Amino acid sequence: VDRDDLEAIDKMCVQALDELKKIDKDSFEYVFMETFCTQLSNGAEKELRENGKQIPVTFDNKGEFADLVVQTRLVESDEQIKAIRDGLSLIVPFRLLKLFSPSEVELMVCGKPDIDVRFLKKHTKYSGLAASTPVVQYLWRALESFTSEERCMFLRFVWGRSRLPAESDWETPFTINRYRGAGADSDSTLAVSHTCFFSIDLPM
């Protein structure tokens, strides 16, 4: 792991450290009054050196301070990462994981970050209505007009997750049912989702 990994999870921290390194001597004492401590992701304070709370950051040692912040932040989650590694190794041997890039592993574990409506349509089945039914067409048009965030919210509504699985891992089709409860033909009746079954009931 390196500085880029810290930037991926705490961009503001890295930007602040970069600005600290560039600041001139005359301005330093007016804008920076810290000791050799840093705040971790959980809000806890961590001393970067022995008795760090008593050691002020100066213009001459600011480079050391910035480097120690990066080093400390990069190892703060070692215990949690080890637990994840141990759990993952029970399912997939590490020698096999080396065959995949980080992005490929993320795709297999988390699914697609972007929700492609055409991809969702491909894995949809219908019950009591058809793809050509007007209310179904309205649903697809609405999804196509949604932002990425709104599509994720819709997926949470019908499935309880925010990403679609990879093509090879898709086992459960999205089901669009005709709503048959009370008020099924009323314009005031709302759609009903069944997250356990990845389905939605649409009133006609």
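Residues numbered from 1 in each chain as written. Predicted model: local features only at pLDDT ≥ 70, side-chain atom pairs only at ≥ 80, totals over all residues. Heavy atoms only, no water.

1. Quick look at a nonpolar patch on the surface
In plain terms, the rule: Here the term patch refers to residues with relative accessible area over 30% and no salt bridge, with like charges joined within 9 Å and nonpolar side chains (Val, Leu, Ile, Met, Phe, Trp, Tyr) within 5 Å. Per-residue and other accessible areas follow the Shrake-Rupley method at a 1.4 Å probe size, with only the shown protein chains counted as cover for residues. For this analysis, a salt bridge means a side-chain nitrogen from Lys or Arg found within 4 Å of a carboxyl oxygen belonging to Asp or Glu. Only runs of H or I of at least four residues qualify as helices and only runs of E of at least two qualify as strands under DSSP, and these elements are numbered from the N terminus.
Taken together, the side chains of Leu-96, Leu-99, Phe-100, Met-108 and Val-109 define a hydrophobic patch exposed on the protein surface, amounting to about 490 Å² of accessible area. Checked against the element boundaries, Phe-100 lands in the loop between helix 6 (94-97) and helix 7 (102-110).

2. Notes on the side chain of Asn-61
Where we set the bar: Pairing of N or O atoms within 3.5 Å defines a polar contact, subject to two protein rules: one partner must be a possible hydrogen donor and the other a possible acceptor, and residues neighboring in sequence count only if both atoms are side-chain atoms. By the convention used here, residues are in contact when the closest approach between their heavy atoms is within 4.5 Å.
Inspection of the secondary structure assignment puts Asn-61 in the loop between strand 2 (45-47) and helix 4 (62-75). Within the structure, Asn-61 has its side chain in polar contact with the backbone oxygen of Pro-56 (distance 3.3 Å). Looking at Asn-61, its side chain comes within polar contact range of the main-chain nitrogen of Thr-58, at 2.6 Å. Not counting residues within four places of it along the chain, the set of residues in contact with Asn-61 comprises Phe-36 and Pro-56.

3. Focus on the packing of aromatic side chains
Worth spelling out the cut-off: Aromatic rings from Phe, Tyr and Trp, taking only the six-membered ring of Trp, are treated as a pair when their centres fall within 6.5 Å; an angle between ring planes under 30 degrees marks them as stacked, one over 60 as edge-to-face, and anything in between as tilted. To sort residues, take the accessible area from a 1.4 Å probe on protein chains only and compare it with the maximum for the residue type: under 20% means buried, over 50% means exposed, and anything in between is partly exposed. Note on criteria: charge over ring means Lys NZ or Arg CZ within 6 Å of the ring centre, with the direction from the centre no more than 35 degrees off the ring normal.
All chains considered together, the criterion is met by 11 aromatic pairs. When the ring of Phe-36 is compared with that of Phe-65, the centres are 5.6 Å apart and the planes differ by 85 degrees; the resulting orientation is edge-to-face. With a gap of 29 residues between them, Phe-36 in the loop between helix 3 (25-31) and strand 1 (37-39) and Phe-65 in helix 4 connect regions that are remote in the sequence. Across this residue pair, the class does not change: Phe-36 and Phe-65 are buried. With a centroid separation of 5.2 Å and 80 degrees between ring planes, the pair formed by Phe-119 and Trp-170 is classed as edge-to-face. Residue Phe-119 is found in helix 8 (residues 117-122), and its partner Trp-170 is found in the loop between helix 10 (148-159) and strand 4 (174-178); the two are separated by 51 residues along the sequence. Ring pairs connect the aromatic residues Phe-119, Trp-140, Phe-154, Trp-159, Trp-170, Phe-174 and Phe-198, which therefore count as one cluster. Just above the ring of Phe-59 sits the side chain of Lys-62; from NZ or CZ to the centre is 4.8 Å.

Nothing here speaks to function; it is geometry throughout.
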